[in-house]
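One-letter residues, chain by chain:
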Amino acid sequence: MKNCKKKKWKCGLYLGNEIYLSDNIVSLIKEGKASTINDTDYVLFEMPLNIEPMNLYSVIYEMLQYKLIPVLAHPERYTFMQQEPELISELVEKGVLLQCNYGSIIGYYGKKAEIIVRKLLENDMVHFLGSDVHRANTIYRRMPEILRKLRGMIGAAKLKELTTTNPKLALQNKRIEIEEPNKIELTLKEKIVMKLTK
């Protein structure tokens, strides 16, 4: 907040957290042990990076039953989704929104994440973008480069939707329209890169 005053930026802080997927997400929220985004219906959650959780669909179903809106953090980074990108399409079909990482756009989390995030953007399956920053001096210094690349990929209007319009709707607890997802299809070259990259 100090930097905001110093540089005369107008900024606000909103309560929220990334909740680790568990059978009791709804209970944790109801008991106030975990937070939705700005006390809205939007729930940002994450999963283990390397293993597909057995309870994924049941937890999503429970959130939807309680009129919560699940938002999956960095889907492009989960190894099981990199191996089977159609799983991401299935989640969007079920009503899950996706928040991808800015860093993935420039390969910060590896080539596989970069390929998947590009595919998600091309198929209109990204609803938010997040920094996923846990300390200073990481991805923020590369934001001008990332935003330029994004503008070139999806255009200024779509970039505004992902960075301004949709976050604003979520903070106001308004619904975001989800378009019917396309099937993610990797090119032969992308499949080879995915197979050869560790």
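Structure: see above.
Just so we're clear, the structure is a prediction, and the values are computed from it rather than from any experiment. (Residues numbered from 1 in each chain as written. Predicted model: local features only at pLDDT ≥ 70, side-chain atom pairs only at ≥ 80, totals over all residues. Heavy atoms only, no water.)

1. Quick notes on the nonpolar core
The cut-off we apply is this: What makes a nonpolar core is a set of buried Ala, Val, Leu, Ile, Met, Phe, Trp, Tyr and Cys residues whose side-chain atoms join them at distances within 4.5 Å. Burial here depends on accessible area, computed with a 1.4 Å probe over protein chains only, as a share of the maximum for the residue type. Under 20% is buried, over 50% is exposed, and the range in between is partly exposed. Secondary structure follows DSSP: runs of H or I at least 4 residues long count as helices, runs of E at least 2 residues long count as strands, and numbering of each begins at the N terminus. Should any heavy atoms of two residues lie within 4.5 Å, those residues are counted as being in contact.
Ranked by internal contacts, the top residues of the largest apolar core, which has 46 residues, are Ile25, Phe45, Met47, Leu72, Leu120 and Leu150. The element that contributes the greatest number of residues to this core is helix α7 (residues 143–171), accounting for six residues. Look past the residues within four positions of Phe45 in its chain and what remains in contact with it is Glu18, Ile19, Leu21, Ile25, Leu56, Ile60, Met63, Pro70, Val71, Leu72, Ala73 and Val96. Judged by nonpolar contacts, the second largest core, of nine residues, contains Val71, Leu97, Phe128 and Ile176.

2. Description of a negative patch on the surface
Which entries qualify depends on this criterion: Residues qualify for a patch when their relative accessible area is over 30% and they have no salt bridge, like charges being joined within 9 Å and the nonpolar side chains of Val, Leu, Ile, Met, Phe, Trp and Tyr within 5 Å. Using the Shrake-Rupley algorithm and a 1.4 Å probe, accessible areas are obtained, with residue cover drawn only from the displayed protein chains. What makes a salt bridge here is a side-chain nitrogen of Lys or Arg within 4 Å of a carboxyl oxygen of Asp or Glu, nothing more. In summary, the charge assignment counts Lys and Arg as positive and Asp and Glu as negative, without counting His or the chain termini. By convention, the point assigned to a charge is CZ for Arg, NZ for Lys, CD for Glu and CG for Asp.
On the surface, a cluster of negative charge is contributed by Glu52, Glu84, Glu86, Glu90, Glu93 and Glu180. Residue Glu180 is classed as exposed on the basis of its relative accessible area, which comes to 63%.

3. Let's talk about the pairing of strand β2 (residues 42–46)
To keep things clear, this is the line we draw: Pairing between strands is defined by DSSP: at least two bridges between them are needed. Handedness of a crossover is defined as follows: orient the strands so they point away from the viewer, and if the path from the first strand over the helix to the second runs clockwise, the crossover is right-handed.
Of all the five residues making up β2, five are buried; the element is thus mostly covered by neighbouring parts of the structure. With burial as the criterion, each face of β2 is covered, one bearing Tyr42, Leu44 and Glu46 and the other bearing Val43 and Phe45. For strand β1 (residues 19–20) and β2, the ladder comprises two bridges, and the chain directions are parallel. When the sheet's bridge partners are listed, Tyr20 is paired in β2 with Glu46. You can see the chain leave β1, run along helix α2 (residues 25–30) and come back into β2, and the turn it takes is right-handed. Sheet topology note: the β2/strand β3 (residues 69–73) ladder contains four bridges and is parallel. The residue of β3 that forms the bridge with Tyr42 is Ile69. In this fold, β2 hands off to helix α3 (residues 56–65), which returns the chain to β3; that crossover is right-handed.

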